[in-house]
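So you can see what is in the structure, the chains are spelled out below.
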Number of protein chains: 2
Amino acid sequence: MKFFKVPEPTIMRLSLYSRILEQMEDRGVPIISSVELGDAVGINSGVVRKDLSMFGEFGVRGVGYNVRELRDNIRKLLGQDRNWPVIIVGAGHLGSSLAAYPGFQQRGFDVVAMVDTDPEKIGTQVIERPVVSWEEAEILIKEHGVRMAILAVPVDAVQSVAQQLTDLGVEAILNFSPIILKGPSHVQVQNVDLTVYFDLMRFTQNLNTNGLRPQATTVRGIAFR
Amino acid sequence: MKFFKVPEPTIMRLSLYSRILEQMEDRGVPIISSVELGDAVGINSGVVRKDLSMFGEFGVRGVGYNVRELRDNIRKLLGQDRNWPVIIVGAGHLGSSLAAYPGFQQRGFDVVAMVDTDPEKIGTQVIERPVVSWEEAEILIKEHGVRMAILAVPVDAVQSVAQQLTDLGVEAILNFSPIILKGPSHVQVQNVDLTVYFDLMRFTQNLNTNGLRPQATTVRGIAFR
């Protein structure tokens, strides 16, 4: 029995590699080195090699990686090679922007419907997706075998909506509302708090204003004096 | 001269601590332990203590942290205690949802304007923010001392918009378009690729479908067999 542990940052970088490899393939580039791949993502080539070595023997030492082959392998690993039906809960600005997010469709996510409780929104379309009630959502979730949901609802609705989704058999929830959601243990919850990125950027800017200059910015750390 | 290096994940966690501490203060909680703070964020208490010890002596061993004091310290560290004027480039769905994002205002970000090139949008308002042309943006950037910009433009416009912002004196760019932007060395660029989160969630779901079950999900790694 295989047993290993993949760090979350590695999976996130695989996602970035996959994007770069797509761009390379579109440009007809056949081979890419770990240095080139690292440069494109903004990290050290050693990290690239270490990440990829976790999943098998890719690439030829001194030559590089076959772009198409590596892309195909990463796509399979991340499940990008199949179609994943998802529902978005909340048909406001955030939900709509997620439905319209470029790359969402390309990467194999199929937004089956958007769920909302606003009677004025139910029955309309947002980015060509139907906005439905919870009653209709229940039918669609079963019909399409939806297991993933994206939450873009007001903070005070997050916990109850998550419960509702869990009751309907959803197994993975991506929560974009700025509150930390805790799901039952059998449901995978990923909280995406966008203000974290603003704080991260401001942290360095704040140092600048205080007469301090950041010495270096890397994907792993910010050095300053 | 002080010289130290703060890892990016630490800064991101500080942002999460700050949110939890705000909630605690609102509920009138005076003291919080590292275990409680860790639980709320979903990490080990040792990580909490290590993160906070980088910035000074907070808390009393065996007692905990004074909620208000710690919140104030983190707010200062992250620059949340001041008002930061920002502009959002791109008045589409993504830009609008970022302007409407809850917590954005609360955390001291002041969206001065949204910039767009669409003549139909210029002169209108989005979430009570004026949509302006680049000519007007230039004036507003100088007037308000804007140093931070948020990019929510189509992928093929990212690089030229970043150049334009840099020419106007913007020092930090938060790029939400799913392409990796590289700025000049004196400009701080933070790329936020939302598809990374979808891939992260799907990675685990993909294992499930293949008959594998994730053994544990933590903020640092996913163990599976």
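Quick caveat: nothing in here was measured; it's all calculated off a predicted structure. (Residues numbered from 1 in each chain as written. Chains lettered and ligands numbered in written order. Predicted model: local features only at pLDDT ≥ 70, side-chain atom pairs only at ≥ 80, totals over all residues. Heavy atoms only, no water.)

### What about the sheet that holds strand β9 (residues 172–175) of chain B?
All names here are of chain B.
Moving on, step 1. Taken in spatial order, the seven strands make up an open sheet running β6-β7-β5-β4-β8-β9-β10, and their pairing is mixed. Every other strand in the sheet has two partners, leaving β6 (125–126) and β10 (188–191) as the edge strands with one partner each.
Moving on, step 2. Where strand β4 (residues 84–89) lies against strand β5 (residues 109–115), six bridges are found, and the strand directions are parallel. The residue bridging I87 from the neighbouring strand is A113, located in β5. (Pairing = 2+ DSSP bridges. Helix = DSSP H or I, 4+ residues; strand = E, 2+ residues; numbered from the N terminus.)

### What about the layout of surface pockets?
Moving on, step 1. Considering only enclosed or pocket space, the second largest pocket measures out at about 430 Å³ in volume.
Moving on, step 2. Those elements that place two or more of their residues in the lining of the second largest pocket are α5 (93–100) of chain A together with α5 (93–100) of chain B.
Moving on, step 3. Ranked by residues supplied to the lining of the second largest pocket, first place goes to α5 of chain A with three residues.
Moving on, step 4. Of the residues belonging to the lining of the second largest pocket, the class tally is 16 nonpolar, seven polar and three charged. (1 Å grid on protein atoms, 1.4 Å probe; cavity = no way out; pocket = protein on both sides within 12 Å on 5 of 7 lines; lining within 4 Å. Points joined across faces, edges and corners; volume = space filled by probe spheres on them. Nonpolar A, V, L, I, M, F, W, Y, C, P; charged D, E, K, R; others polar.)

### Focus: the UniProt feature "DNA-binding region" (unreviewed entry) in chain A
Moving on, step 1. On the UniProt side, "DNA-binding region" (unreviewed entry) is annotated at positions that read residues 16–55 of chain A here.
Moving on, step 2. The distance separating the terminal C-alpha atoms of residues 16–55 of chain A is 16 Å; by composition the span is 70% helix and 5% strand. (UniProt positions renumbered as here; feature names shortened; annotations may be inferred.)

### Observations concerning the sheet that holds strand β8 (residues 148–151) of chain A
Strand pairing in a sheet takes place through backbone hydrogen bonds and is either antiparallel or parallel in direction.
Residues and elements named next belong to chain A.
Moving on, step 1. What the seven strands build is an open sheet, ordered β6-β7-β5-β4-β8-β9-β10; its pairing is mixed. Single-partner strands in this sheet number two, and they are β6 (125–126) and β10 (188–191).
Moving on, step 2. Note that β6 and strand β7 (residues 129–132) share two bridges and pair antiparallel. Of the residues in β7, the one forming a bridge with V126 is R129.

### Notes on the packing of helix α1 (residues 8–26) of chain B against helix α3 (residues 45–53) of chain B
Residues and elements named next belong to chain B.
Moving on, step 1. Between α1 and α3, whose axes approach to 10 Å, the crossing angle comes to 105°. Between α1 and α3, the interaxial angle falls into the category roughly perpendicular. Residues T10, R13, L14 and Y17 of α1 form the contact with α3, whose own contacting residues are V47, V48, D51 and L52.
Moving on, step 2. Looking at the contact of α1 with α3 residue by residue, the classes come out as five nonpolar, one polar and two charged. (Axes fitted to C-alpha atoms, helices over the stretch in contact; angles between N-to-C directions. Parallel < 35°, antiparallel > 145°, perpendicular 65-115°, else oblique. Contact = heavy atoms within 4.5 Å.)

### A look at the UniProt feature "binding site: NAD(+)" (unreviewed entry) in chain A
Moving on, step 1. Mapped onto the present numbering, the UniProt feature "binding site: NAD(+)" (unreviewed entry) falls on G90, A91, G92, H93, L94 and G95 of chain A. Taken from the residues named earlier, the lining of the second largest pocket is made up of G90, A91, G92, H93, L94 and G95 of chain A.
Moving on, step 2. Tracing the chain through its elements places A91 of chain A in the loop between β4 (84–89) and α5.
Moving on, step 3. Within the secondary structure layout, H93 of chain A lies in helix α5.
Moving on, step 4. Apart from the residues lying within four places of it in its own chain, the contact partners of H93 of chain A are H93, S96, S97, A100 and I127 of chain B.

### Remarks on the side chain of Q190 of chain A
Moving on, step 1. Residue placement: Q190 of chain A occurs in strand β10.
Moving on, step 2. Note on Q190 of chain A: relative accessible area 9%, which makes it buried.
Moving on, step 3. For Q190 of chain A, the contacting residues outside a window of four places in its chain are E8, I173, L174 and N175 of chain A together with Y197, L200 and M201 of chain B. (Buried < 20%, exposed > 50% of the residue type's maximum accessible area, 1.4 Å probe, protein only.)

### Here we look at the pattern of salt bridges
Moving on, step 1. Scanning the entire structure with this criterion turns up 17 salt bridges over all chains.
Moving on, step 2. For R19 of chain A, the salt bridge is made with D193 of chain B, and the minimal N-O distance between the two is 2.8 Å. Of this pair, R19 of chain A sits in helix α1 (residues 8–26) while D193 of chain B sits in the loop between β10 and α8 (195–209), which puts the two residues in different chains.
Moving on, step 3. Its relative accessible area of 11% is what places D193 of chain B among the buried residues.
Moving on, step 4. Each of E25, R68, R71 and D72 of chain A takes part in a single network of salt bridges with overlapping partners. (Salt bridge = Lys/Arg side-chain N within 4 Å of Asp/Glu carboxyl O.)

### What to know about the pairing of β9 of chain B
Residue and element names in this part refer to chain B.
Moving on, step 1. Going residue by residue along β9, you find A172 and L174 tucked away on one face and I173 and N175 tucked away on the opposite face as well.
Moving on, step 2. Bridge count between strand β8 (residues 148–151) and β9: four bridges; the pairing is parallel. In the sheet register, L151 faces β9, and the bridge partner there is N175.
Moving on, step 3. Note that the unit made of β8, helix α7 (residues 158–167) and β9 has a crossover that is right-handed.
Moving on, step 4. Both β9 and β10 contribute to a ladder of four bridges, which runs parallel. (Right-handed = clockwise from strand over helix to strand, strands pointing away.)

### Focus: the packing of aromatic side chains
We describe a pair of aromatic rings using the distance from one ring centre to the other and the angle between the two ring planes.
Moving on, step 1. Using the criterion set out here, one finds four aromatic pairs over all chains in the structure.
Moving on, step 2. Plain terms: the ring middles of F176 of chain A and F198 of chain B are 6.2 Å apart, the flat faces sit at 45° to each other, and that makes the pair tilted. On the criterion of chain membership, the pair formed by F176 of chain A in the loop between β9 (172–175) and β10 and F198 of chain B in helix α8 is interchain, its members lying in two chains. An identical accessibility class is assigned to F176 of chain A and F198 of chain B; each is buried.
Moving on, step 3. Pairing F198 of chain A with F109 of chain B gives two aromatic rings, centres 5.4 Å apart and planes at 55°, and the pair type is tilted. Taken together, the residues span two chains, with F198 of chain A in helix α8 (residues 195–209) and F109 of chain B in strand β5. (Phe/Tyr/Trp six-rings, centres within 6.5 Å; stacked < 30°, edge-to-face > 60°.)

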